[in-house]
Amino acid sequence: MKQAYLLWLCLFIGLHAHAQSREVSGRITDSSGESLPGVSVLEKGTNNATLSGIDGDFKIRVNSPQSVLVFSFVGMSPKEIHVGDQSKIQVSLEAAPSSLDEVVVVGYGVQKKSDIISSVVSVSTESVNKVPTNDLGEMLRGKAAGVYVTLGDAAPGSSSNILIRGSRSLTAGNAPIVIADGVPIGGINDVNPNDIASIEILKDAAAQAIYGARASNGVILITTKRAKKGKTTIDYNSFYGIQTVNRNFDVYSGEEFAQLKREAYRADNNNQYLPDDRIFTSIEQEILANKEFINWEDELLRKASTQNHNLSFATGTGKTRIYTGLNYSLREGVIPGTDFQRGTIRVNVDQYINHWLKLGANTSWQLSKNNNPGTGETLLRAVTTSPLGKIYNEDGTYRIYPTGVQESINPLLDLAEVSNTRNDRNDIMNVFLDITPLKGFSYRFNASRRSWNRKTLNYSTANSLLGFRRGGMGNGFMQFEDESEWQLENIINYQVEIQSKHHLAGTFVQSVSKKQGTSFRNSANNIPNDLLDIWGLPTAESNIPTVSASSRGLLSFVARLQYDFNHRYYLTASARADGSTVFGANNKWAWFPAMALGWNLHEEDFMEFVPKLSNLKARLSYGSVGNEAIGTYRSLSTAVQRDYLFNDVKRIGYVPGDYLPNPNLKWETSTTLNAALDFGFFNERLSGTVEYYNTRTKDLLAELSLQADIGYTRMLRNVGEVQNQGIELSVNGILVEKKDWTLSTALSFSRNRNKILNLYGEKDEFGNELDDVGNRWFIGYPKDVYYQYVPDGIWQQGENIVASHQPSAQPGDVKIKDVNGDGILNDKDRVIIKRDPKWFGTFNITNKFKGIDFSADIVTVQGTIRNNAFLYDYSSGGSLRGILNGIKVNYWTPENPGGTWPRPQESNDRTYISTLGLQDASYVRLHTLTLGYTFPNMAKWKINNLRVYATGHNLFTLTDFQSYSPEKNPNDYPEAVSVVGGIQINF
C-alpha cells in the first residue's frame, strides 16, 4: 500500500508540474518593426534559454506562470516580461542609450557629449582609482590623448608634472589650472580621488577660453560627488600593499671598483700598475682582503607599506542632500625616514528651499604630514660611495668616511641624524546660491575661499655631516608659510528652444579673485646641543630671520553663446576679458575670444548608406587664451636690503633690486586652431576621435640678462613666438558584450611638435634672425634642446691623432665627430638635439566575466632624450677617476680597445667625456594590472556590491635609460613598484 501510495503521489506531482509548465512563443522586433534574430531569451533565475530565429521568432518552455523572461541583444536595452497566462508574446526592443547621451562638464555648465564641439576629454574615475597612489596626476597618466604626465618627485606626498599639448612658455609656468566644483585650487592633489564624480580635461581654446586668464596651459575640471534624492548609500574602499624599487643600472662591485681605481692610477703612471698599498687606504685594503664589500643599495632601501582607507556617506531627502567623505592614507617611503600621511574630510550639501531656490556648499579639510630628511644627497652617495669600506665605527656609530677617503661619505649618516617634517593644512570652502525663477534661466552666486598653511621643521644634529663640519653643533630652521585665495562669481545661464529645432544657450560670468601669501623662516646656526632639537634655536650662535609676502588679483568678465539647429549644426562663440595685477601698468587687461563650429554628419540623409554608423561629427575651433603664471611685482622696480655701518653702528638701507621695471609687460597669449573628427560604429561599440591642433604662443614671458653697467642685471619682457602642433588619436572598442562577459580595449596616440618661430628680431648680415645660444633657444627648433658635440667613439692606438681635428688627444680619449669635415673642432661642430618625445601612447584592455574582472594599462613614451650626468660627471661618479663609485660602463684600456667609454684617469676628467651623457629615455611600461572578484547574491546581506581585488603598479619598465626611472636621474627618489590588495563595499 505504501509503495502504491508513493507511486500515485509521484504521478500526481509530475502531472501537476507538467500542467504548471507551458510553452511560450512569439516574435522579437526593434522599434521600427524589423525582425531581430539571435536575441537571447532567458527564463530569469534559471539556465533555461534560447535564441530567436532568423525572423525573430522564438519558442521556450517555462516552468510556471510566475516565470519572467529576459530578452537581451547587443546594442539594445534588455527587457523583462512576466509570463502570467500568456502563450504568445510580441516583444519590441529599444536601442540602448548611447555613450553620446552622457552629460559632460564644461566651463560654467554641462553639455551632452553629442553636443560638444570643442576638445573636451572625460576621464573615467573608475580607471583613475585603480592606481594605488596619493598622486592624482600619476593616476591620470595614459588616460587622455595629448595629456603628458611625467614624474615630478617620486617621494611620498609628491606631485607629478602635467603638460596638456606640450610646453609653450619659455620661462613662465606651463602647468594647467585645476578647477574643483568651479573653484580654482592650489594643486590637483587638493582633492581626494575617491570623492571625484567626474574629471574633464579642456584641451583647445574654444573650451578653455571661458577660463581665459590662466587657461593657456589647459584646464582640468573636477566635479566631486553629491547625494541623490531618496537614496542613502555607504561606501567603504580600502587597500594595503608593499612597495619596492627596480633599477636599470649596475654600479661597480668591490672587485670591479678596485680594478677601476688601479686602471685610473695606471694611466697617470706611464701605463704601469702601482702597488695596492700606494692606491688604497688601510680600510680599503682590509676590505679587499676579507671581501666584505658593502652593497649600499641593500643597506639604504627597504620594502615599504602603503595603505588607503575611504569611507563615504550619501543621503538625500526631498529638500536636503548631504555627501560626506572621509579618507586616510599612509605611504611609507622606500628610503627609511621618509613617509607621508594625509587625512581628508569632505562635506557637500544641497538644500532646496523651494522649486526655484537652492543653497549649497562644497567643503574640504585636509591635513598631511610629510617626513623627508633630504634624500637627494643620500641617494647620490649610495651610488658614488665606494663599496670598499665600513659602515660603523667600533662603538657602533656611523663612520662618516667609510673608506677613509673624504670624497666618499656614508649615505646612511644623515638619514639617522637629519629630520625634516612638513605639516600642511589645506581647506576649501565654497558656498553657492542657485535661483531659477524662469524656465531655462538660472543665476548662481558662487563664493569660495581656499587656505593653505605649511609648517616645516628641519634639524641636523651635531653628529650629522653638517654638524661635523660645523664643529659638532646642531643646525636647522623653522619655516611658516600660508596662502589664501578667495573668489566671487556671478553666473547667469539661459537656454531656450525655438520650434523644437533651434537651441540657444547663453552664459555670462563676472568674477573677481585675490591671492595672498606670506612666509617666515628662521635659520639657526650652531646650536650647542641636541637636547631640544630644533626647539633649541634660541640658544644658537646666530638666528637669521627671513620674511616675504605677496598679493595678486584678477578681475574677469565672460560671455558665451551656443547655438545648434536640430542637434545637427553647431556654433559656439565666447569672449573673456581679464585684468591682472601682475602685468605692467600699460597692459593690465587682455581680451580672449574663441569660436567653434560643429556638424553632426551622421544625422544627414546622405549618410544612410553607412547603416552601422552611430556617430560622425566634424569639429573646428579657433581662439585665444592667456598665461599669467609669473611671480608678483616682476613688472615693477623693487628694492633690496643692504646693511652698513655708520659710526660703528649697524644701519639698514635699501638699494634698487636686480630687475629693470617694465610698465609694458603684458599677457602671454596662445591662439589655437583645432580640427577634429569624432566617429562611432555599432551604437558606439567602436568609437574614437582624431584631432589636429596648431597653437601659436606670442608675447612670450622671458627673463633676459642685462649689462650690469646700467644698474640692473635682469628684465622680464615679452619676446618672440612659439608653435605647438600635433595629432591625437583615441579609439575605444567593445569587442564582446554579453550577459556574463564584456571585453573592451582602448588605445591612444599623441604627437606634439614644438618650435620657436622667432625671438628678439635681431638679425645677422644675411637677414637671418639670431639665436639665443646662451639659453639654448634656436629659431626653428624646440625650446628644450641639447647643444653639444657628438661623440664618435674612442681614439685607438695607431690612429693618426696628431693630424686630426683633436691633435692633443690620446688613445683612450673621447673622439668627437667633425660634423662639417673642415678638420677643425669648433662651435660649428656642435649639433642641436631635441629632447621632447616624438610620440606617446597607451593601450588598455578590460575583461569582465561573471564576477571576475581583469584590466591592464600599458603606457609608452618614444623618442625622448635625457642627459644622464651619472655617466660623466665627477660628483656623480661618472668621470672614471677611481675616487667615487658610479654606474658601470665598458671603459677603454689597452687590453680592451673595444671599450665605449674613455680610459680611466685619476688626475683629471677625460676631455669631452660629458658628450657621453645623452641617452634614449624611451620606455614601455606596464602601468597597472588589476584582478578583482565581485561576490554575487549579496542583497540578502543588505550589501549592494562587494569586491576584492589586487593591483600592481609600475610592475615592469622596458627602457635603455640607466636610472631608477626613465624620467629621473639616479639620485632622485626611486619610483616605487607597488602591489596592493583591496576591498570595496557598497551598502
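For the structure itself, consult the block above.
The following paragraphs examine the structure supplied in this document. (Residues numbered from 1 in each chain as written. Predicted model: local features only at pLDDT ≥ 70, side-chain atom pairs only at ≥ 80, totals over all residues. Heavy atoms only, no water.)

**As for the sheet that holds strand β13 (residues 177–180)**
Here is step 1: Read from one edge of the open sheet, five strands run β10-β15-β16-β13-β14, paired in mixed fashion. The open sheet has two edge strands, β10 (120–123) and β14 (183–184), and neither has a second partner.
Here is step 2: Bridge count between β13 and strand β16 (residues 219–224): four bridges; the pairing is parallel. Among the inter-strand pairings, I179 is bridged to a residue of β16, identified as L221. (Pairing = 2+ DSSP bridges. Helix = DSSP H or I, 4+ residues; strand = E, 2+ residues; numbered from the N terminus.)

**A look at the packing of aromatic side chains**
Here is step 1: Per the stated rule, a full pass over the model turns up 18 aromatic pairs.
Here is step 2: Relative to F681, the ring of F679 has its centre 6.5 Å away and its plane inclined at 50°; by these criteria the two rings are tilted.
Here is step 3: We classify F679 as buried; its relative accessible area is 17%.
Here is step 4: What makes F681 partly exposed here is its relative accessible area of 26%.
Here is step 5: Taken together, the ring pairs in this structure connect F565, Y569, W599 and F606 into an aromatic cluster.
Here is step 6: The residue whose ring lies beneath R247 is F249, and the NZ or CZ to ring-centre distance is 5.0 Å.
Here is step 7: Sitting above the plane of the F432 ring, R444 keeps its charged end 3.9 Å from the centroid. (Phe/Tyr/Trp six-rings, centres within 6.5 Å; stacked < 30°, edge-to-face > 60°. Buried < 20%, exposed > 50% of the residue type's maximum accessible area, 1.4 Å probe, protein only. Lys NZ or Arg CZ within 6 Å of the ring centre and 35° of its normal.)

**Digging into the sheet that holds strand β7 (residues 88–93)**
Here is step 1: The three strands are arranged β4-β1-β7 in an open sheet whose pairing can be described as mixed. The two strands at the open ends of the sheet, each matched to only one other strand, are β4 (57–62) and β7. Averaged over all adjacent pairs, the angle separating strand axes in this sheet is 30°, with direction ignored.
Here is step 2: Relative to β7, strand β1 (residues 22–30) runs parallel, the two being bridged by six bridges. Within β7, the residue paired with R27 across the bridge is Q90. (Axes fitted to C-alpha atoms, helices over the stretch in contact; angles between N-to-C directions.)

**Notes on a positive patch on the surface**
Here is step 1: A cluster of basic residues, R751, R753, K755, K834 and K838, forms a positive patch on the protein surface.
Here is step 2: With three residues, the single largest contributor to the positive patch is strand β35 (residues 741–758).
Here is step 3: Turning to its location among the elements, K838 is positioned in the loop between β39 (831–834) and β40 (839–849). (Patch = residues over 30% accessible without salt bridge, like charges linked within 9 Å, V, L, I, M, F, W, Y side chains within 5 Å. Areas by Shrake-Rupley, 256 points an atom, 1.4 Å probe, with all protein chains shown as cover. Salt bridge = Lys/Arg side-chain N within 4 Å of Asp/Glu carboxyl O. Lys, Arg positive; Asp, Glu negative; His and termini not counted. Charge placed at Lys NZ, Arg CZ, Asp CG, Glu CD.)

**Side note on the nonpolar core**
Here is step 1: With 47 residues, the main nonpolar core has Y252, L300, I335, L388, L880 and W901 as its most contacted residues.
Here is step 2: Counting residues per element, the ones that place at least two in this core are α5 (254–267), α6 (282–290), α7 (296–300), α8 (376–384) and β38 (814–816).
Here is step 3: Among all residues touching L300, those that are not within four sequence positions of it are V334, I335, P336, T378, L379, A382, L412 and L415.
Here is step 4: Of all hydrophobic cores here, the second largest spans 23 residues; its members include L136, I199, I201 and I222. (Core = buried A, V, L, I, M, F, W, Y, C linked by side-chain atoms within 4.5 Å. Contact = heavy atoms within 4.5 Å.)

**Some points on unusual backbone geometry**
Here is step 1: Phi is positive for N270, which is not a glycine, with a value near 55°.
Here is step 2: With respect to the helices, strands and loops of the structure, N270 is situated in the loop between α5 and α6.
Here is step 3: A residue is classified by how much of its surface remains accessible, and N270, at 71% relative accessible area, is exposed.
Here is step 4: Although it is not a glycine, L880 adopts a positive phi angle of roughly 60°.
Here is step 5: Exposure remark for L880: the relative accessible area of 5% places this residue in the buried category.

**Considering the pattern of salt bridges**
Here is step 1: Under the defined criterion, the tally for this structure stands at 45 salt bridges.
Here is step 2: Across the salt bridge formed by D827 and R830, the nearest N and O atoms sit 2.9 Å from each other.
Here is step 3: Looking at R830, the relative accessible area reads 28%, which means it is partly exposed.
Here is step 4: Overlapping salt bridges, with partners in common, bring together R165, K203, R619, D678, E691 and E728 in one network.

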